[in-house]
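Understanding the architecture of this molecule
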Amino acid sequence: MLILKPSELPVINGEKLSLRPITDADTPDIVRWRNDPEVWRYFLFREPFTPEMHRAWLKNKVETGKVIQYIIVERESGKSVGSVYFRDVDEKNESAEYGIFIGETWARRRGLGTETAKLFTAFGLDVLRLHRISLKVLGGNEVARRSYEKAGFQTEGVFRDFVKLDGVYTDVIFMARLAGEGA
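This report concerns the structure included in the present document.

Basis of the calculations
Once a new chain begins, its residue numbering starts again from 1 and follows that chain's sequence as written. Whole-chain, interface and lining totals are the exception, using all residues; otherwise, since this is a predicted model, local features are given only for residues with pLDDT of at least 70 and side-chain atom pairs are given and counted only at 80 or more. As a rule here, side-chain values come from all non-hydrogen atoms in the structure, and water together with hydrogens is ignored. Runs of E in the DSSP output that reach at least two residues are strands. Runs of H or I that reach at least four are helices, and both are numbered from the N terminus. Each residue is placed in one exposure class: buried if its accessible area under a 1.4 Å probe, protein chains only, is under 20% of its type's maximum, exposed if it is over 50%, and partly exposed if it falls in between. Pairs of strands are assigned from DSSP output, requiring at least two bridges between the strands. Only residues whose relative accessible area exceeds 30% and that take part in no salt bridge are eligible for patches, with like-charged residues grouped when within 9 Å of each other and nonpolar side chains (Val, Leu, Ile, Met, Phe, Trp, Tyr) grouped when within 5 Å. Using a 1.4 Å probe, the Shrake-Rupley method yields the accessible areas, and only the shown protein chains count as cover for residues. Basic side-chain nitrogens of Lys or Arg form a salt bridge, by our definition, when they fall within 4 Å of a carboxyl oxygen of Asp or Glu. Just so you know, the count uses Lys and Arg for positive and Asp and Glu for negative, and it drops His and the chain ends. One atom stands in for each charge, and that atom is NZ of Lys, CZ of Arg, CG of Asp or CD of Glu. In protein, a polar contact requires one atom able to donate a hydrogen and another able to accept it; more generally it is a pair of N or O atoms within 3.5 Å, and residues adjacent in sequence count only if both atoms are side-chain atoms. Residues count as neighbours in contact if any of their non-hydrogen atoms are within 4.5 Å of one another. For this quantity, the arc is that covered by the directions from the helix axis to the C-beta atoms.

Here we look at the overall build of the chain
Of regular secondary structure, the chain possesses five helices and eight strands. Along the chain, helices and strands appear, N-terminal first, in the series β-β-α-α-α-β-β-β-α-β-α-β-β. The C-alpha extent of the chain, read off along each of the three principal axes, is 45 × 35 × 35 Å. Across the 183 residues that make up the chain, the buried fraction comes to 45%.

Quick word on the pairing of strand E6 (residues 132-138)
Judged from the three bridges that link them, strand E5 (residues 95-102) and E6 form a sheet pairing that is parallel. The residue bridging Ser 95 from the neighbouring strand is Arg 132, located in E6. Strand direction decides the pairing type here: E6 and strand E8 (residues 168-178), joined by seven bridges, are antiparallel. Bridge assignment links Leu 135 to a residue of E8, and that residue is Met 175.

What to know about a positive patch on the surface
Taken together, the side chains of Arg 109, Lys 118, Arg 146 and Lys 150 present a region of like positive charge at the surface. Locating Arg 109 in the fold gives a position in the loop between E5 and helix H4 (112-127). By relative accessible area, Arg 109 is classed as exposed at 75%.

Remarks on the side chain of Asp 26
If you trace the backbone, Asp 26 turns up in the loop between strand E2 (17-21) and helix H1 (27-34). Polar contacts involving the side chain of Asp 26 include one to the side chain of Arg 20, which spans 2.6 Å. If we skip the residues at most four places from it in the chain, Asp 26 touches Arg 20, Pro 21 and Ile 71.

Some thoughts on H1
Turning to H1, its buried residues are Thr 27, Ile 30, Val 31, Trp 33 and Arg 34. In a view along the axis of H1, the buried residues occupy a sector of 165 degrees, so they form one face of it. For H1, the secondary structure elements touched by its buried residues are helix H2 (37-40), helix H3 (51-62), strand E3 (68-74), strand E4 (79-90) and E5.

Shown next as structure tokens:
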């Protein structure tokens, strides 16, 4: 597995979007997006998100290499629309957990999430040389699940009623993609 310092991370260009490493200047957007009910309803972590929490995340996770996080930029407008990351980066086992959110309402359901998943997963497997990229998706989030499948993720299991969110037990679906598996 290749370990890159945050300053060494490349910009990743796709057809509709570019992915660039996150910076502290992205804090206002991240906080706004993470506090949007349409975003956090798909997160297991649902506490109000503050600038201090985000800056602690940057310092303790991103700057230490435990998280590799990027901002999704829609190329046509040049506007930041969301974020994608690998968390719990495990050098020994060459694995990480994938996460994404599209924060801007106008940018949703335009294929940006699927393109991001394909680009960032390829970056993880081909550049960082990860062997395994896993993710968790809440039951009922079929748009995300289909997007992950298009990026080559396969369902490994469903943990029924795994979490209680907003008073309702919810399934959590575990998916992964391994090196050598096509998208």
